[in-house]
Amino acid sequence: MDMTIARNGLAAASRQFDAAAFEIARASTQRPVQAPAGVSPGAAGLDTPLARADAMLPNADADLPRNMVNLMVASNAVLANLQTLKRTDETLRTLFADR
């Protein structure tokens, strides 16, 4: 038996898990509010230190529900590939123990 498929699947699932986790973490970061085009930050009320601190919005670029689903799918793929490796290991141990 060859464990290459399970190892490659585990590596791919780990990359997918990391990517989804990164996107979820990125969604929780904040980005500064930009003054509308053609309006100075002072006229928009964004030039004082207090206004700059309050003028932060969650990162709206991230699709949190989609990334949570991707995280769960990747988690299940990791578990499935680990089970495949475990069963392959058990089978190989049984085959070589009988010799």
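Criteria and cut-off values
Residue numbers here run from 1 along each chain, matching the order of that chain's written sequence. Totals for whole chains, interfaces and linings use every residue, but because this is a predicted model, local features are given only for residues with pLDDT of at least 70 and side-chain atom pairs only at 80 or more, for both listing and counting. Excluded from the side-chain calculation are hydrogens and water; included are all heavy atoms of the structure. Only DSSP runs of H or I covering at least 4 residues are called helices, and only runs of E covering at least 2 are called strands; the numbering of each starts at the N terminus. The buried label applies to any residue whose accessible area, calculated with a 1.4 Å probe on protein chains only, is under 20% of its type's maximum; exposed applies above 50%, and partly exposed to all values in between. Residue contacts are counted whenever heavy atoms from the two residues lie within 4.5 Å of one another. Throughout, the Shrake-Rupley method with a 1.4 Å probe supplies accessible areas, and for residues the shown protein chains are the sole cover considered. Here, the term nonpolar core denotes a set of buried Ala, Val, Leu, Ile, Met, Phe, Trp, Tyr and Cys residues that are joined through side-chain atoms within 4.5 Å. Like charges are joined within 9 Å and nonpolar side chains (Val, Leu, Ile, Met, Phe, Trp, Tyr) within 5 Å, but only among residues with over 30% relative accessible area and no salt bridge; these make up the patches. Salt bridges are defined by distance alone: a side-chain nitrogen of Lys or Arg within 4 Å of a carboxyl oxygen of Asp or Glu. The angle between two axes is taken between their N-to-C directions and runs from 0 to 180 degrees, where each axis is a line fitted to C-alpha atoms and a helix contributes only its stretch in contact. In this scheme, roughly parallel covers angles under 35 degrees and roughly antiparallel covers those over 145, while 65 to 115 is roughly perpendicular and the rest are oblique. We call a crossing left-handed when the near helix sits turned anticlockwise from the far one by less than a right angle, and right-handed when that turn is clockwise. Amino acids outside the nonpolar list (Ala, Val, Leu, Ile, Met, Phe, Trp, Tyr, Cys, Pro) and the charged list (Asp, Glu, Lys, Arg) are all regarded as polar, and Gly is one of them.

Undergrad: Whenever I open this one, the overall build of the chain confuses me. Can you help?
TA: Within the chain one finds four helices and two strands. Overall, the chain shows an N-to-C arrangement of helices and strands of α-β-α-α-β-α. Out of the 99 residues belonging to the chain, those deemed buried represent 19%. At a minimum sequence separation of 6, the contacts of the chain that also span at least 24 residues come to 81%. Total accessible area on the chain is roughly 7200 Å²; 61% of this is exposed by carbon and sulfur atoms.

Undergrad: What is the right way to read the nonpolar core from this model?
TA: A general trend in soluble globular proteins is that nonpolar side chains are found buried together. Within the largest apolar cluster, five residues are counted, these being Ala 6, Leu 10, Ala 13, Val 78 and Leu 85. Contributions of two or more residues to this core are made by helix H1 (4-27) and helix H4 (64-97). Tallying contributions element by element places H1 first for this core, with three residues. Ignoring any residue separated from it by four or fewer positions in sequence, one finds Leu 10 in contact with Val 78, Asn 81, Leu 82 and Leu 85.

Undergrad: Would you take a moment to explain a nonpolar patch on the surface for this structure?
TA: Where nonpolar side chains cluster on the molecular surface, the patch consists of Val 69, Met 72 and Val 73 and spans about 270 Å² of accessible area. Exposure remark for Val 73: the relative accessible area of 43% places this residue in the partly exposed category.

Undergrad: What am I meant to see in the packing of H1 against H4 here?
TA: The geometry of a pair of packed helices is captured by two quantities: the angle between their axes and the separation between those axes. Relative orientation of the contacting elements H1 and H4 amounts to 155°, with a least axis distance of 8 Å. Classified by the interaxial angle, the pair formed by H1 and H4 is roughly antiparallel. When you trace H1 past H4, the crossing you get is left-handed. Its residues assigned to classes, the contact of H1 with H4 comprises 18 nonpolar, eight polar and two charged.

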